[in-house]
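So the chains spell out like this:
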Amino acid sequence: MTALALGQKKARGEKIAAVTAYDFPTARLASEAGIDLILVGDSLGMVLQGRENTLKVSMDEMVYHTSMVSRARPRSLVVSDMPYGSFHAGVGPSVENACRCLKEGGAEAVKLEGGRKRFPVIEALLDAEVPVLAHLGLTPQSVHALGGFKVQGKLKEKAREIFQDALDLEKLGVFAVVLESIPMELAGRISAALRIPTIGIGAGPLCDGQVLVLHDLVGLTDLHLPRFVRRYADSRSLWLDALRRFVADVGSGAFPAEKESYHLERDIEEFFR
Ligand code: KIV
């Protein structure tokens, strides 16, 4: 999968399926399932690290997780999220950090949150041959500025700002735009106005694709889930049952059995004679 091919999918009227993955085994699963785009999201700060928000995720951590995902050589496009602070201190450091995602992490593109304020950085990344996935609407790195994780663009002024940002981002040359937690009518209007794909999360069915956090999708987390998440499995119960049976088997001596153990080639007495 390539950034270009995602645009071709939209042109053919085909939807794009994307998930987050933060490591080798989940990247392999996503690829095998036919996922088009794997996002190594900074949501790993909440999902893997147990933090309240994504703000403390570091550049080194993003490179580390991206490298695990890209080592799985998925057929999906691998996109690395630029963490908070990695693209806010000017164009030079932003380009350096984005290049780390590609050179050290093995990503094929980066995602960064924000609209018009980020245009100079986005232009510089594109100039450095780094494909960019934009992210509008609820941008979780702005949680404090936004006053919480709230739906964005419900009122006219903000809705028009998001719409205009999307148009301008296409002109700048990003290959797709993530639309997070915005009203479905606004997402539909943006998707119809753009040639590049929109990938929604909490933005309704009119987007050109959908992205979900993998751990939410497979039911591996017991944290509160937003209403836009659909849980396709209850993996947590499955894992919990397996772990409880292991504890019981170890306790009773039923694990390991002889067939799960090794034998010496000679009688042990010979070794200690
Ligand atoms: O960090 C992330 O996982 C994301 C997606 C949920 C869009 O930004």
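Taken together, Thr20, Leu39, Gly41, Asp42, Ser43, Asp81, Lys111, His135 and Ile201 form the complete shell of residues around the ligand. Aspartate 81 is positioned such that a nitrogen or oxygen atom in its side chain is 3.2 Å from an oxygen atom of the ligand. Isolated, the ligand exposes 260 Å² of accessible area, and the fraction of that covered by the protein chains is 95%. Because more than half of its atoms lie within 2 Å of the grid, the ligand is assigned to the largest pocket. Residues that form the shell around the ligand fall into these classes: two nonpolar, four polar and three charged.

Okay, the packing of helix α5 (residues 91–103) against helix α6 (residues 119–127) next. Here α5 crosses α6 at 50°, and the two axes come no closer than 9 Å. Judged by the inter-axis angle, α5 sits oblique to α6. Where α5 crosses over α6, the handedness of that crossing is right-handed. The segment α5 lies against α6, with Val91, Ser94, Val95 and Ala98 engaging Pro120, Val121, Ala124 and Leu125. The residue inventory of the contact of α5 with α6, partitioned by class, reads seven nonpolar, one polar and no charged.

In the contact formed by α6 and helix α8 (residues 156–172), the axes pass within 10 Å of each other and the chain directions differ by 25°. Taken together, the axes of α6 and α8 are roughly parallel relative to one another. The two elements α6 and α8 cross, and the hand of that crossing is right-handed. The segment α6 lies against α8, with Phe119, Ile122, Glu123 and Leu126 engaging Asp165, Asp168, Leu169 and Leu172.

Attention shifts here to the side chain of aspartate 165. Along the chain, the position of aspartate 165 falls in helix α8. Among the polar contacts listed, one links the side chain of aspartate 165 to the side chain of arginine 116, at a separation of 2.8 Å. In this view, aspartate 165 contacts Gly115, Arg116, Phe119 and Leu136; residues no more than four positions away in its chain are not counted.

Our focus in this paragraph is the domain arrangement of the chain. By the assigned domains, the chain splits into domain 1 (3–233) and domain 2 (238–272). Taking the mean C-alpha position of each, domain 1 and domain 2 sit 45 Å from one another.

With that out of the way, let us pick up the layout of surface pockets. The computed volume of the largest pocket comes to approximately 1,100 Å³. In terms of lining, the largest pocket is formed by 44 residues, of which the most central are Glu180, Ser181, Ile201, Pro226 and Phe228. Among the elements of the structure, α3 (44–47), β4 (109–113), β6 (176–180), β8 (209–212) and α10 (214–217) are those that each provide at least two residues to the lining of the largest pocket. Residue composition of the lining of the largest pocket, grouped by class: 22 nonpolar, twelve polar and ten charged.

A word on the side chain of glutamine 152. Its place among the elements puts glutamine 152 in the loop between α7 (143–146) and α8. For glutamine 152, the side chain forms a polar contact with the main-chain oxygen of lysine 150, separated by 2.9 Å.

On to the packing of aromatic side chains, then. The geometry of two aromatic rings is summed up by the distance between their centres and the angle between their planes. On inspection of all chains with the given rule, the structure shows one aromatic pair. Each ring, one from phenylalanine 246 and one from phenylalanine 255, has its centre 5.7 Å from the other, and the planes form 65°; the classification is edge-to-face.

Bringing the environment of leucine 4 into the picture now. Its location among the elements puts leucine 4 in helix α1 (residues 3–11). Residue classification places leucine 4 among the exposed residues on the basis of a relative accessible area of 65%. Distance from leucine 4 to isoleucine 196, taken between C-alpha atoms, is 9.3 Å for residues 192 residues apart in sequence.

Each value, and the rule that gives it
- Residues numbered from 1 in each chain as written.
- Predicted model: local features only at pLDDT ≥ 70, side-chain atom pairs only at ≥ 80, totals over all residues.
- Heavy atoms only, no water.
- Near = heavy atom within 4 Å.
- Polar contact = N/O pair within 3.5 Å; in protein donor to acceptor, adjacent residues only side chain to side chain.
- Areas by Shrake-Rupley, 256 points an atom, 1.4 Å probe, with all protein chains shown as cover.
- 1 Å grid on protein atoms, 1.4 Å probe; cavity = no way out; pocket = protein on both sides within 12 Å on 5 of 7 lines; lining within 4 Å.
- Sits in = over half its atoms within 2 Å of the grid points.
- Nonpolar A, V, L, I, M, F, W, Y, C, P; charged D, E, K, R; others polar.
- Axes fitted to C-alpha atoms, helices over the stretch in contact; angles between N-to-C directions.
- Helix = DSSP H or I, 4+ residues; strand = E, 2+ residues; numbered from the N terminus.
- Parallel < 35°, antiparallel > 145°, perpendicular 65-115°, else oblique.
- Left-handed = near helix turned anticlockwise from the far one by under 90°.
- Contact = heavy atoms within 4.5 Å.
- Domains from an automatic or database assignment.
- Points joined across faces, edges and corners; volume = space filled by probe spheres on them.
- Phe/Tyr/Trp six-rings, centres within 6.5 Å; stacked < 30°, edge-to-face > 60°.
- Buried < 20%, exposed > 50% of the residue type's maximum accessible area, 1.4 Å probe, protein only.

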